[in-house]
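Summary of the model geometry
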Amino acid sequence: MKFSYNWLSELLDGALPGPAELTRLITMKTAECEGVEAFAPALAHAVAARVLEVTPIEGSHNVQARIDAGPVHGVKQVVCGAPNCRAGLVTAYLPAGAEIDGRVISKVTISGVESDGMLASAAELSINRDHSGILEIDIEPGSPLPGLAADHVIEVDNKSLTHRPDLWGHYGLAREIAAITGAKLKDPVKASLLPAGEPLYAVEIEDHSLSPRYSALVFENVTVQPSPLWLQARLEAAGMNAINNIVDVTNYIGAELAEPMHAFDADKLQGNTIYVRRAKSGEPYDALNGESYTLEPRHLVIADSGGAIALAGVIGGAGSAINSETTRIVLESANFDAACIRKTSAEMKLRTDASMRFEKAQDPKNTVRALARAIALFEIVSPGIRLHGGMIDNFKAPPAPAPITLPMEWLIRKLGRPIEAAEVRAILESLEFGVAESAPGVFEVTVPSWRATKDVTIKDDLLEEVGRMVGYSSIPPEPPLKPVQRPWVNHERLFHHDLRQKVAAQGFTETYNYSFVSEAMAARFGFTPDQHVHVLNPISVEQSLMRISLLPGIHRNIVDNARYSDEFRLFEIGNEIHKRQSNELPHEVPHLMAAIHTKADGSAAYYELKRLAECLMPGCEAAPASSLGYEHSARAAAITWRGREAGRIFELHPSLVESGRASVLDANLAVLFELGPAPKRYQPLRRFPSSSFDLSVVAGLRELTGDLGGRIRAAAGANCDSVEFLYSYQGHPLPDDKQSLSYRITVSAPDHTLSNEELTGIRAAIIEALKAAGYELRG
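Residues numbered from 1 in each chain as written. Predicted model: local features only at pLDDT ≥ 70, side-chain atom pairs only at ≥ 80, totals over all residues. Heavy atoms only, no water.

1. Examining the nonpolar core
- Membership of the largest hydrophobic core comes to 55 residues, with the highest contact counts inside it found for Phe-219 and Phe-378.
- Considering every element that reaches this core, the biggest residue donor is helix H9 (residues 366-381), with 8 residues.
- Residue contributions to this core reach at least three from each of two domains, namely domain 1 (2-40 + 152-185) and domain 3 (191-395).
- Membership of the second largest hydrophobic core comes to 36 residues, among which are Val-203, Ala-266, Leu-269 and Ala-310. (Core = buried A, V, L, I, M, F, W, Y, C linked by side-chain atoms within 4.5 Å. Buried < 20%, exposed > 50% of the residue type's maximum accessible area, 1.4 Å probe, protein only. Helix = DSSP H or I, 4+ residues; strand = E, 2+ residues; numbered from the N terminus. Domains from an automatic or database assignment.)

2. Side note on the side chain of His-532
- Within the secondary structure, His-532 sits in the loop between helix H14 (519-523) and strand S32 (533-534).
- Within the local environment of His-532, its side chain forms a polar contact with the backbone oxygen of Thr-528, the two atoms lying 2.9 Å apart.
- The residues contacting His-532, other than those within four sequence positions of it, are Val-517, Ala-522, Phe-527, Leu-545, Met-546, Arg-547, Ile-548 and Lys-579. (Polar contact = N/O pair within 3.5 Å; in protein donor to acceptor, adjacent residues only side chain to side chain. Contact = heavy atoms within 4.5 Å.)

3. Digging into a negative patch on the surface
- On the surface, a cluster of negative charge is contributed by Glu-32, Glu-34, Glu-37 and Glu-155.
- Along the chain, Glu-155 falls in strand S13 (residues 151-156). (Patch = residues over 30% accessible without salt bridge, like charges linked within 9 Å, V, L, I, M, F, W, Y side chains within 5 Å. Areas by Shrake-Rupley, 256 points an atom, 1.4 Å probe, with all protein chains shown as cover. Salt bridge = Lys/Arg side-chain N within 4 Å of Asp/Glu carboxyl O. Lys, Arg positive; Asp, Glu negative; His and termini not counted. Charge placed at Lys NZ, Arg CZ, Asp CG, Glu CD.)

4. A word on the domain arrangement of the chain
- Taken domain by domain, the chain consists of domain 1 (2-40 + 152-185), domain 2 (41-148), domain 3 (191-395), domain 4 (404-474), domain 5 (491-675) and domain 6 (691-778).
- Here the C-alpha centre of domain 6 lies 88 Å away from the C-alpha centre of domain 4.

5. Description of the sheet that holds strand S12 (residues 118-120)
- Here we have 5 strands laid out as an open sheet, ordered S6-S5-S4-S7-S12, and antiparallel in their pairing. Every interior strand has two partners, whereas the edge strands, strand S6 (75-80) and S12, have only one. Averaged over all adjacent pairs, the angle separating strand axes in this sheet is 50 degrees, with direction ignored.
- Sheet topology places strand S5 (residues 63-68) next to S6; 6 bridges connect them, and they run antiparallel. Residue Val-63 lies in a different strand from S6, and its bridge partner there is Cys-80. (Pairing = 2+ DSSP bridges. Axes fitted to C-alpha atoms, helices over the stretch in contact; angles between N-to-C directions.)

6. Remarks on the environment of Arg-569
- Structurally, Arg-569 is set in strand S34 (residues 568-578).
- Taking the C-alpha atoms as reference, Arg-569 lies 8.8 Å from Glu-510; in sequence the two are 59 residues apart.
- Discounting residues that sit within four places of it in the chain, Arg-569 has contacts with Gln-506, Gly-507, Phe-508, Thr-509, Ala-595, Ile-596 and Glu-608.

7. Focus: the sheet that holds S34
- Taken in spatial order, the 7 strands make up an open sheet running S30-S34-S35-S39-S38-S37-S36, and their pairing is mixed. Each edge of the open sheet is held by one strand with a lone partner, namely strand S30 (509-510) and strand S36 (621-624).
- In terms of strand pairing, strand S35 (residues 587-598) meets strand S39 (residues 661-668) through 8 bridges, oriented antiparallel. Paired with Leu-592 across the two strands is Ala-667, which belongs to S39.
- Sheet strands touched by helix H13 (residues 491-505): S30, S34 and S35. Its angle to S34, the strand with the most contacts, is close to 155 degrees.

8. Some points on the pattern of salt bridges
- Inspection of the entire model under this criterion finds 44 salt bridges.
- With a closest N to O distance of 3.6 Å, Arg-413 and Glu-409 form a salt bridge. Of this pair, Arg-413 and Glu-409 both sit in helix H10 (residues 408-415), 4 residues apart, which is roughly one turn of the helix.
- Judged by relative accessible area, Arg-413 falls into the exposed class, the value being 53%.
- Residue classification places Glu-409 among the exposed residues on the basis of a relative accessible area of 56%.
- By sharing partners, the salt bridges in this structure join Arg-164, Asp-166, Glu-176, Arg-451, Asp-455, Glu-465 and Arg-468 into a single network.

9. Focus: the packing of aromatic side chains
- For the coordinates displayed, the defined rule picks out 11 aromatic pairs.
- When the centroid spacing of 4.5 Å and the interplanar angle of 20 degrees are considered together, the rings of Trp-7 and Tyr-252 count as stacked. Remark: Tyr-252 occurs in helix H6 (residues 245-257) and Trp-7 occurs in helix H1 (residues 5-10); sequence separation between them is 245 residues. Tyr-252 carries the same exposure label as Trp-7, and that label is buried.
- Ring centres of Tyr-630 and Phe-650 lie 5.8 Å apart, and the angle between their planes is 65 degrees; on these two criteria the pair is classed as edge-to-face. Here Tyr-630, found in the loop between S36 and strand S37 (631-641), pairs with Phe-650, found in strand S38 (residues 644-652); they are 20 residues apart in sequence, far enough to count as distant. Note on accessibility: Tyr-630 and Phe-650 belong to one class, buried.
- In textbook terms, an aromatic cluster arises when at least three aromatic residues are bridged by ring pairs, as seen for Phe-525, Phe-527, Tyr-630 and Phe-650.
- Sitting over the face of the ring of Trp-450, Arg-175 holds its NZ or CZ atom 4.0 Å from the ring centroid.
- Seen from the ring of Trp-641, Arg-642 lies directly overhead, with NZ or CZ sitting 4.9 Å from the centre. (Phe/Tyr/Trp six-rings, centres within 6.5 Å; stacked < 30°, edge-to-face > 60°. Lys NZ or Arg CZ within 6 Å of the ring centre and 35° of its normal.)

10. Digging into the packing of H10 against helix H12 (residues 459-470)
- Taken N-terminus to C-terminus, the directions of H10 and H12 make an angle of 60 degrees; their axes are 10 Å apart at the nearest point. Between H10 and H12, the angle is such that the two are oblique. When the axes of H10 and H12 are compared, the crossing they make is right-handed. Side by side, H10 and H12 meet where Trp-410, Leu-411, Lys-414 and Leu-415 of the first sit next to Lys-459, Asp-460, Leu-463, Val-466 and Gly-467 of the second.
- Broken down by class, the residue content of the contact of H10 with H12 amounts to 5 nonpolar, 1 polar and 3 charged. (Parallel < 35°, antiparallel > 145°, perpendicular 65-115°, else oblique. Left-handed = near helix turned anticlockwise from the far one by under 90°. Nonpolar A, V, L, I, M, F, W, Y, C, P; charged D, E, K, R; others polar.)

Below, the structure written as structure tokens:
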């Protein structure tokens, strides 16, 4: 939101701090300012000049102009390229040394001709955005441009004004500045201008909760023409474009009083009744922006007997727009429900100056003030204009807010510093709150109407008003004296954090996915919608179900990343959300899911995930399991740890990963956390050397290396330290249905070095046990 320093100064009686200091004060006490910039600095040097003679410059589109710039500057020679530069024209002259667009004008030679200063367009002077030619005016040469002066623009962050509808206009901010600086606020509105008598139009409001007030005036003998330069410059400073005198006045009042207005061409309206109603289902609407919309009952419209003429609080209609032929207007000044306007504006993707103000909940009492202000301005910008009939006004006043009780003892305790009751009263009254002392040390505070629209409702709001005005920097930064308590330790969260570090140390990158999936994502893995918790109001159809597995999200991560990389590792820690049979809350189960993608054969990734499982669950065992629909038929295993099923390792079915192979580890973290760390026992260092020997066992192709290793360990007896699987061999001279599994057995004794006889005995015992179980040994 942009505020003109000159405009603010006109609304206050008394000297103001400079623009930079005022910006600082507004930031510290009212709303955050993004900065202050000089606006139209060239106007400080611009004077009127009459073009005396124009001479073309050979070989150039420019002309040599001799001008009379008045008694101070005299006759000058300038070079000008504007198409409207002609003898007899009075325009704006900027002498050498003036500043424009951040540069200083100096005497230069253009097309071989010396130019002493320049003739300026309205755009170069920041009056408006017209740069088609130099400014054309009708005043005496040497005179300053009437009503125009160099200015500064203070830009306030819109987000800090969201709760302050009164600050969306210069008058509201001037009220704040008056309270901050002690200046006196000057009201630009003359309510006495409002006409009495019978109005020409009736107003019917269908639902006063959507439109508490609708006011309007009818004007005749209207002349639609360009606005005076001072009005155009004021709108430009506020960030708005000048259109014509009628529209510019409505925009001016919106920027001054924060009351959006709209002018209808009265001759284009049908009937003598204006309706404020919900739109009809499928009702067509052509807006001023040239777009056509189809409306629904959730939208609020202004209508005549022929249909919608405005989308309430957002944008006017093309069918009732004013133009150069307009001679009669109906000037609307209304109040609308903030939520309704916000929803309509967002749905239609129409963020207008009007909608931004209405959606902040404007003061319904402001509508008639805006009309009174318009009467005064129209008399200036459209000479001969006159009112026709009385004021149209349909108003259902809301209940007056109850006074707020403000105990001084409570305020001092909450504020954190001592303050006198007289100072509190002075602050609140400077902000135009009504203050009465109902008991010693207790105030009853009445909230003004422009702050009663969801802004100030409780005593804590009044505390903020006092606090910001005395300055938060005046409050000593002393922490409250409270007993220190040790924070609660979330052991499960620490457990998950430790797991993250371990998995990341193995080269995996963590991902975060939404807890929502679509029906299509769930169906890809055989999950039905009935298994899921449904989201009642999903952001999109892609997020309509709560996930019962982390797999859909991880699968999407794999597919997305496979477009850019052949080899990668991912993992996620998150909750599976399962329905309960009754109306209880869903059951959330934390899981870890890790995945490896590769272009090569997937067996290496499959066993790498088995190694990761052993890092997280030392001593876990993986046993083949029946594959699910989304798993590779020969690569699926269940993981058990300390007697509990703790997860699953599998390779995704090739149809799900067309770019390569992907293996997945799914671990149930609820089981891991419940079991806790594996118990540890002290074992002294080995004092005597160990011995190792290898055995190669002929077994079937589907033989599990872990099962066979367990047989070997059992047969080796108590002196067996370890049984390590080395490799598998298939081929000559073994039959096609056989393989050779090689193991390394390490044995030792705690109290002596094993002799050759003892080693031979252990080896023989293992061989005898294997033969008894039907295995053959390969030499």
